[in-house]
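Residue strings, one per chain:
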Amino acid sequence: MTIKEKQQEIIDEFAFLEDWEQKYEYIIDLGKELKGLAEDKKTEENLIKGCQSKVWIDAEFKDGKLFFNADSDGILPKGIVSLLVSIYSGHSTQEILDSDFDFIGEIGLQEFLSPSRANGLMAMTKQIKFYAVAYQLKS
């Protein structure tokens with residue numbers, strides 16, 4: 001499944017949720033499903049700057065694709081980063097670089113978040129792109 005198809009799937013899932021309470025619960029449930037990171041991966045290098053909570057994103061380049069894993073000490077940020085991991089993990093660096101984050105606006109996520117959480121979300125998306133650039137330069 002392409003990144004765009006995964007994004008559309010998320011947009012469709014959010015469209016079925018009637019209010020932000022349901023959307024909030026959905027995001028929290030996503031976070032509960034996230035595998036999380038081993039303690040040795042919760043490093044300063046993997047820590048996302050600009051998040052209200054601590055959020056870590058780690059990337060591994062394997063067979064020409066980037067695989068992300070993440071964790072957070074906050075339940076809502078963990079759900080948000082889980083959403084991003086589910087969309088962008090398992091794709092080539094070029095696919096990630098060619099993609100956009102327009103689906104965030106389409107599901108209304110930024111409107112729902114406080115300004116500091118919205119800043120954290122943007123920091124997470126920038127880190128995903130950063131990893132794609134870094135691994136593309138290595139290969």
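- In the nomenclature of an unreviewed UniProt entry, the protein corresponds to SufE family protein from the organism Chryseobacterium cucumeris.

### Thoughts on the layout of surface pockets
Here comes step 1: Within this model, the largest pocket holds a volume of roughly 150 Å³.
Here comes step 2: If you trace the largest pocket, you find it lined by Leu34, Lys35, Gly36, Leu37, Ala38, Lys41, Asp58, Phe68, Asn69 and Val85.
Here comes step 3: Of the residues that constitute the lining of the largest pocket, the class distribution is 5 nonpolar, 2 polar and 3 charged.

### Things to note about the packing of aromatic side chains
Here comes step 1: Taken as a whole and assessed by the stated rule, the structure comprises 7 aromatic pairs.
Here comes step 2: Here Phe130 and Tyr131 contribute two aromatic rings whose centre-to-centre distance is 6.3 Å and whose plane-to-plane angle is 55°, an arrangement assigned as tilted.
Here comes step 3: Pairwise contacts between aromatic rings join Phe61, Phe68, Phe130, Tyr131 and Tyr135 into one cluster.
Here comes step 4: The aromatic ring of Trp20 is capped on one face by Lys23, whose charged end is 4.8 Å from the ring centroid.
Here comes step 5: Sitting above the plane of the Phe67 ring, Lys62 keeps its charged end 5.4 Å from the centroid.

### Notes on helix α2 (residues 20-33)
Here comes step 1: The first and last C-alpha atoms of α2 sit 20 Å apart over 14 residues, in line with the 20 Å expected at 1.5 Å per residue.
Here comes step 2: Its buried side turned inward, α2 meets α1 (3-16), α3 (75-88) and α6 (109-112).

### Structural notes on helix α7 (residues 115-138)
Here comes step 1: For α7, built from 24 residues, the straight-helix expectation of 34 Å at 1.5 Å per residue is met to within 8% by its first-to-last C-alpha distance of 35 Å.
Here comes step 2: Turning to α7, its buried residues number three or more, namely Ala118, Gly120, Leu121, Ala123, Met124, Thr125, Gln127, Ile128, Lys129, Tyr131, Ala132 and Tyr135.
Here comes step 3: Elements that come into contact with the buried residues of α7 comprise β1 (55-62), β2 (65-72), α3, α4 (93-98), α5 (102-106) and α6.

Cut-offs used in this document
Residues numbered from 1 in each chain as written. Predicted model: local features only at pLDDT ≥ 70, side-chain atom pairs only at ≥ 80, totals over all residues. Heavy atoms only, no water. 1 Å grid on protein atoms, 1.4 Å probe; cavity = no way out; pocket = protein on both sides within 12 Å on 5 of 7 lines; lining within 4 Å. Points joined across faces, edges and corners; volume = space filled by probe spheres on them. Nonpolar A, V, L, I, M, F, W, Y, C, P; charged D, E, K, R; others polar. Phe/Tyr/Trp six-rings, centres within 6.5 Å; stacked < 30°, edge-to-face > 60°. Lys NZ or Arg CZ within 6 Å of the ring centre and 35° of its normal. Helix = DSSP H or I, 4+ residues; strand = E, 2+ residues; numbered from the N terminus. Expected span 1.5 Å × (residues − 1). Contact = heavy atoms within 4.5 Å. Buried < 20%, exposed > 50% of the residue type's maximum accessible area, 1.4 Å probe, protein only.

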